[in-house]
Amino acid sequence: MARSRSANSFILSNEGQVDGMRLTVLVDDSKNPLRPELRAKHGLSMFIELRTGKRGMSLLMDAGQSADIVLRNAERLGVDLAGVGAILLSHGHYDHTGGLLGILRHIGKTTPVIAHPNALEQKFTFRRRRLKKIGIPFEASEIERSNGMLSLSRDPRRLSPETWLSGEIERVVPFEEVKGFKARRQGKLVDDQIPDDQALFVNLKGKGLVAITGCAHAGLINTVVQGLKVTGSEVVHAIIGGFHLIDASVARIRTTVRELQRIDPRVVMPCHCTGRKAIGKLVEAFGEKCRQLRTGDGVTF
Ligand SMILES: [Zn+2]
Ligand SMILES: [Zn+2]
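I will try to describe carefully the structure that is included in this document. If you're wondering where the values come from, they're calculated on a predicted model, not measured in any experiment.

## A look at helix H7 (residues 276-286)
Among all positions in H7, only Ala-278, Ile-279, Leu-282 and Phe-286 are buried. The buried residues of H7 occupy an angular sector of 100° when the element is viewed end-on, so they sit on one face. Facing away from the buried side of H7, by more than 90 degrees, are the exposed residues Arg-276 and Glu-284. Contact partners of the buried residues in H7: helix H6 (250-263) and strand S16 (267-271). At the C-terminal side of H7, Gly-287 shows a positive phi close to 55°.

So this is what it looks like as structure tokens:
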């Protein structure tokens, strides 16, 4: 990947496993933030700190819909975004990218912004039979002008010996279909399978894979399968993030839960676009191992 002074902190160790990590939800949809002074809004942004020995790095996964809410919540949660080593964009939808420019300006120094090339294309969905824009709400050139060092790739990206951005997620299970999204490619409006959808994978020492999703448009099971493949991990410790089951059929939710039970993660933490119905089924299946995350929540492994 492109490197700068701020990217040097990427290399933690040669051991290939992270000793510990902490994830803080800076913004999420749920209407009851952890504390009353925090604000929730449709979208997602997570601050992730990783530690190996005495070394550490922090990453921002997604930028929420608007910078003012992410920055305000971060300040109230005591999260210092100035030290962020890179900003990862899970995909190109506005609710994960809208806050990017404001956050970059707040950081105020050159910061890598890592994404899949399709994240930058014009994206749409249908709302009340009308085409609605749901892509990144600004030009790519504005990212560079705001000190973002754009770095685009379809391949899995090793951010440190123990941390990967997934790369384009292979669609291996038949029931995780992507429907209802469009993109403009070479001037034509086409069905969008959201190839830009990526997850963050961490190989946690003594525990296994931690998979962190933005919306998991590629499918939650596809994402976890890719995580095991990319990291070489055999055990799934935690699955965290938006699972995009909000519009899914009962059959798909049921199959997803069944497959997850087979994968047997120790912790399942849905938020954002997972949907109430799916969260209910996950709690039913995983009991205390499943906890919904909301704005302000922190998770330490
Ligand atoms: Zn999305
Ligand atoms: Zn989303």
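## Quick look at the sheet that holds S16
Taken in spatial order, the six strands of this open sheet run S9-S10-S13-S14-S15-S16, and their pairing is mixed. In this open sheet, the two edge strands, each paired with only one partner strand, are strand S9 (157-160) and S16. Pairs of neighbouring strands in the sheet enclose a mean axial angle of 15°, with direction left out of account. When strand S15 (residues 236-242) meets S16, the two strands line up parallel, connected through five bridges. Pairing of Ile-239 across the sheet is with Val-268, part of S16. The strands that helix H5 (residues 220-231) touches are strand S10 (163-165), strand S13 (199-204), strand S14 (208-213) and S15; relative to S13, the one it contacts most, it runs at about 45°.

## Focus on the coordination of the zinc ion (ligand 2)
At this site the zinc ion (ligand 2) is bound by Asp-95 (OD), His-96 (NE2), Cys-215 (SG) and His-272 (NE2), with donor distances of 2.1 to 2.3 Å. Because the angles between the four donor atoms bound to the zinc ion (ligand 2) fall within 86 to 166°, the donor set is best described as irregular. With a relative accessible area of 0%, His-96 lands in the buried category. Given a relative accessible area of 8%, His-272 falls into the buried group.

## Side note on the coordination of the zinc ion (ligand 1)
Geometry sets the ideal angles at a metal, namely 109.5 degrees for four tetrahedral donors and 90 or 180 degrees for six octahedral donors. Within the protein, His-91 (NE2), His-93 (ND1) and His-217 (NE2) serve as the donor atoms for the zinc ion (ligand 1), at 2.1 to 2.2 Å. All donors of the zinc ion (ligand 1) come from a single chain, and their spacing in sequence reads H-x1-H-x123-H. Here the zinc ion (ligand 2) and the zinc ion (ligand 1) are spaced 3.6 Å from one another. With a gap of 126 residues between them, His-91 in the loop between strand S4 (86-88) and helix H2 (94-97) and His-217 in the loop between S14 and H5 connect regions that are remote in the sequence.

## Notes on H6
For H6, spanning 14 residues, the distance from its first C-alpha to its last is 20 Å, which sits close to the expected 20 Å at 1.5 Å a residue. Looking one or two residues past H6, Asp-264 carries a phi angle of roughly 60°, positive in sign.

Conventions adopted
Residues numbered from 1 in each chain as written. Chains lettered and ligands numbered in written order. Predicted model: local features only at pLDDT ≥ 70, side-chain atom pairs only at ≥ 80, totals over all residues. Heavy atoms only, no water. Buried < 20%, exposed > 50% of the residue type's maximum accessible area, 1.4 Å probe, protein only. Helix = DSSP H or I, 4+ residues; strand = E, 2+ residues; numbered from the N terminus. Arc of directions from axis to C-beta. Contact = heavy atoms within 4.5 Å. Pairing = 2+ DSSP bridges. Axes fitted to C-alpha atoms, helices over the stretch in contact; angles between N-to-C directions. Donors = N, O, S within 2.8 Å, 3.2 Å for Na, K, Ca; no water. Tetrahedral: all angles 85-135°; square planar, octahedral: opposite > 155°, others 65-115°. Expected span 1.5 Å × (residues − 1).

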